[in-house]
Structure formats: C-alpha cells, structure tokens
Amino acid sequence: MLAPRLKANGRAFAQITEFHPELTAFRRDLHAHPELGFEELYTGGRIKEALKLCGVDEIHTGIGKTGLVALIRGKHHGSGRMIGLRADMDALPMTEYNDFGWKSAKTGLMHGCGHDGHTTMLVGAARYLAATRNFDGTAVLIFQPGEEGFAGARVMIEDGLFERFPVQAVYGMHNWPSMKPGMVGVNPGPMMAAADRITIEITGRGGHGAHPYMTIDPVLVSAHIITAVQSIVSRNVRAIDSAVISVCAMHAGDLGAFSVIPGKATLVGTVRTFNSEVQDVIEHRLHDLCSAVALGFGASASVKYERMYPATINSADEAEFAADVAESLLGADRVVRDLEPSMGAEDFSFMLQVKPGAYLRIGQGAENGVGSCFLHNSRYDFNDDILPLGSALHASLVEQAMPVRPSAVS
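Model, not experiment: these values are computed from the prediction.

A. The sheet that holds strand β16 (residues 357-363), seen in detail. Within the open sheet, the eight strands sit side by side as β1-β2-β4-β3-β5-β16-β6-β15. Their pairing is mixed. Each of the sheet's edge strands pairs with one partner strand only, and the pair in question is β1 (58-63) and β15 (335-336). Alignment of strand β3 (residues 82-88) against strand β5 (residues 169-176), held across four bridges, turns out to be parallel. What sits directly across from Ile83, in β5, is Ala169.

So this is what it looks like as structure tokens:
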C-alpha cells in the first residue's frame, strides 16, 4: 500500500500534484540507472531532456565536469535578483538489496541517499516555474555532481558557478527518513558537521610472534592509540561543544601470517566538528598524542589530517525565510525551526561559505515502511509521495524571495 497522499497549501503544490505520476516515473528511472560522482552522463542527459520539455530559458552543461545549471526568468525582472536552488545527482558505490521493479540495474551502484529524488524535485519545480513565471527575477537551478565524497559543490564553484550566476541566496534540500512525510526541518545555524579524514601511520620493528621482545609491535601501539584518542573530545573539548573522533579501519600485517609481527600499521578514521576552533584543537592534539604514545613504546607515528567538507552552517535570515515559506505550505505545526544538527557532512557547505542560504530537511519516513530505511542503507528507497511537496517548496522559495509587486514592469 502506498503512503497517503500529502496535503499542502498553495497553487504550486496543487499544480505540481497534477504531474506527480510523471515525476515518480522520472525518479524511478534515475534510481534504476545510478552513477557515481562526475560520471553522471545518463543522469545529466535525462535532466537536460526534461528541462527542455519544461521550457526553461537556458541550460548550461559542463559546469564542474558533469554539472548542469538551468535559468528560468520570471514574468518581470526589474528586481535583478537571482535565487539559486541546488539538487545533488550522484549515487553511492554500494549494492542494492531491494526487489522492486526500479531497483538498480548496475551491480555495486545504488541511489542509497535519495539524490534521485532530490533531482526529481528540482525538475518538478522547473516545470512549474517555467509554466507560471510568477516571480520578479531569475531562478537558477543547480544540478550538482559528486556530493558523495567528491566535493562537487566546490568543483562547480571553482569552475565559476557564482561568477556566471551571481545569486543573492542559495537553498538546498535533503530527504530525512527520521522525519515523517509532510514535515520540514531547518536550523538558523549548524545543520551538519565538518568531515575530516585522519590517517595515522605507525612504524615499529617487525619480527617473529614467538619473540616479541625483539620487536617494536605496531599492533600494540595502535591499540593504545585507538584508546588514547577517545580522551581528546572528553578532556579537550567543552561539554557544550560537539565533536566526534572515530577510528574506523585498521590495517597491519597479513592474515595468513599468524606468527609474524608486522613493521607498520595504519589507522583511518574521521573527525566531525561544528566550528573551526574545535577542529584546530583536535588536529593539534591528535598529532601530539599519537606521536607521544608511539614514542613511549619506542615506535613512531605520523598523522595526516585532511579537512574534506566544512560544516554546513545556515545563515540566520535565509533559514528563517525558508521556515516561513515551509510554514505557508504546511502550517506551523509541520515545520521544525530548531532541528537538531547531524554529525553527518554535506558539500552544500561550500556554497554556504560563499553565499547566504539554507539547507533544509524534508521528512520522508512513513509508518508503513515506505522511505523509512535510513540513508546509505542497502534497502533504502526515496519516498515518491513527497515529490510534489519538495518541488512546491523549491518553487515557493523562488516565488516568495522574488515576489511580483504591483509596480513591477517588464
């Protein structure tokens, strides 16, 4: 049984609902043909085809390798304003274990995060905005590649995205299985954490497992480092701040050589923070602590600290505006204005570093199981019931940010 059809206010939602079946078919086609970052050739082709049918004014391709940007001009353009809407396009390198007809046709690739749905919602907004054009300015629709670890947002920016399309604000949206359909969440500040990668190389002296006194065991040193780094947050970061250090992988020796102590070991993990001061403290303490622990055993350790994605921080005015727009569609009781931040990361953060804007969550987890699997789960699927709402929210951000005033002239 499908989830109940959602209800929302406004002409945008009512009009987009009329082509809900077409959006669903489009989304499921994208789901069946997942592509990794900067490989979104089929996806980009389908988007371009759909945008042409929608009647957008301009389509620009090849921005940030496989990124696309569409322009839709309103009935009036005296304001000179431009508002950006962003959707990510790429899939994940994981195997899908669903059994419905639109499951991934590619072994080892899956839309496990709902980017197929995000793209479809923006296409739905394009169709409505191009048909109605009830705004004063230009809507800039950004279809971004490579969000999943490739920093596609940064690549698009470096490729001149905002020089070519100087938006006054930019908005992004992500489905959230932890919220019910028909709800929207936002926060006038941190939404997602910075994501850093740490690689710790421990060098000892290998030898025979029966004669450990003749070695400097890097496996033993690794164990002590893994335990010691867990003290960094609890003893160096204020309790009112948030941070996570997780050592997620370890490699040392050969599983077939049960009696050989290796000479080296490698630890890989992640650090998550919300502000740069805490980030600096953790990076500094990791270097000092790992080196000191290793030295205590006669070994050495080096730390490579890579700052990958910055924290996703909404600008207060744009977050409040986005919440007001969502409330106009859904009512105050369906909008969470102080949504708890996530320690996950998102490369929309790069856009928010250079432009005011807001990142929103749109609920999709239903009680009947549709859309209730969490992100990056092998049985995840986007909840198609929320497509008209997401499209209407995108479109309403444009219409309310650039309203047509009685005195406007073409």
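On we go from here.
B. Seen up close, the packing of helix α2 (residues 20-32) against helix α4 (residues 115-132). Remark: α2 packs on α4, axes separated minimally by 9 Å, with the N-to-C direction vectors making an angle of 145°. Crossing of α2 against α4: the hand is right-handed. On α4, the residues that touch Glu22, Leu23, Phe26, Arg27, Leu30 and His31 of α2 are Asp116, Gly117, Thr119, Thr120, Val123, Gly124 and Arg127. A per-class count over the contact of α2 with α4 returns four nonpolar, five polar and four charged.

C. Focus on helix α3 (residues 41-54). Between the first and last C-alpha of α3 there are 20 Å, a value that for 14 residues agrees with the 20 Å anticipated at 1.5 Å per step. Turning to α3, its buried residues are Thr43, Gly44, Ile47, Ala50, Leu51 and Cys54. Projected onto a plane normal to the axis of α3, the buried residues spread over an arc of 130° and lie on a single side. In α3, the exposed positions that point more than 90 degrees away from the buried face belong to Leu41, Lys52 and Leu53. On its buried face, α3 sits against α2, β1, β2 (67-73), α4 and β4 (138-144). Positioned one or two residues after α3, Gly55 has a phi angle of 90°, which is positive.

D. Layout of the sheet that holds strand β10 (residues 243-252). Strand order in the open sheet formed by four strands is β10-β12-β8-β13, and the pairing between neighbours is antiparallel. In this open sheet, the two edge strands, each paired with only one partner strand, are β10 and β13 (300-309). Geometrically, the sheet is characterised by an average inter-axis angle of 20° between neighbouring strands, direction not taken into account. Across nine bridges, the pairing between β10 and strand β12 (residues 264-273) is antiparallel. Each residue of the ladder has a partner; that of Val247, found in β12, is Gly269. Contacts from helix α7 (residues 218-236) reach β8 (194-203), β10, β12 and β13, with the element oriented near 175° to β10.

Rules of the game
For every chain, the first residue of its written sequence is number 1, and the numbers climb from 1 along that sequence. Where totals are concerned, whole chains, interfaces and linings use all residues; where local detail is concerned, this predicted model gives features only for residues with pLDDT of at least 70, and gives and counts side-chain atom pairs only at 80 or more. Only hydrogens and water are set aside; all other atoms, that is, all heavy atoms of the structure, feed into the side-chain values. Two strands form a pair only when DSSP identifies at least two bridges running between them. Where helices and strands are cited, they refer to DSSP runs of H or I of at least four residues and of E of at least two residues respectively, numbered from the N terminus. Only the contacting stretch of a helix is used when fitting its axis, a line to C-alpha atoms as for every element, and angles between N-to-C directions run 0 to 180 degrees. The sense of a crossing depends on the near helix, which, turned anticlockwise from the far helix by less than a right angle, makes the crossing left-handed and, turned clockwise, makes it right-handed. Contact definition: two residues touch when any of their heavy atoms are within 4.5 Å. Gly is put with the polar residues, along with every residue not named as nonpolar or charged; the nonpolar set is Ala, Val, Leu, Ile, Met, Phe, Trp, Tyr, Cys and Pro, and the charged set is Asp, Glu, Lys and Arg. Expected span of a helix: the number of residues minus one, times 1.5 Å. The classification of residues rests on relative accessible area computed with a 1.4 Å probe and restricted to protein chains. Under 20% of the type maximum is buried, over 50% is exposed, and intermediate values are partly exposed. Taking the helix axis as origin, the arc is that swept by the directions to the C-beta atoms.

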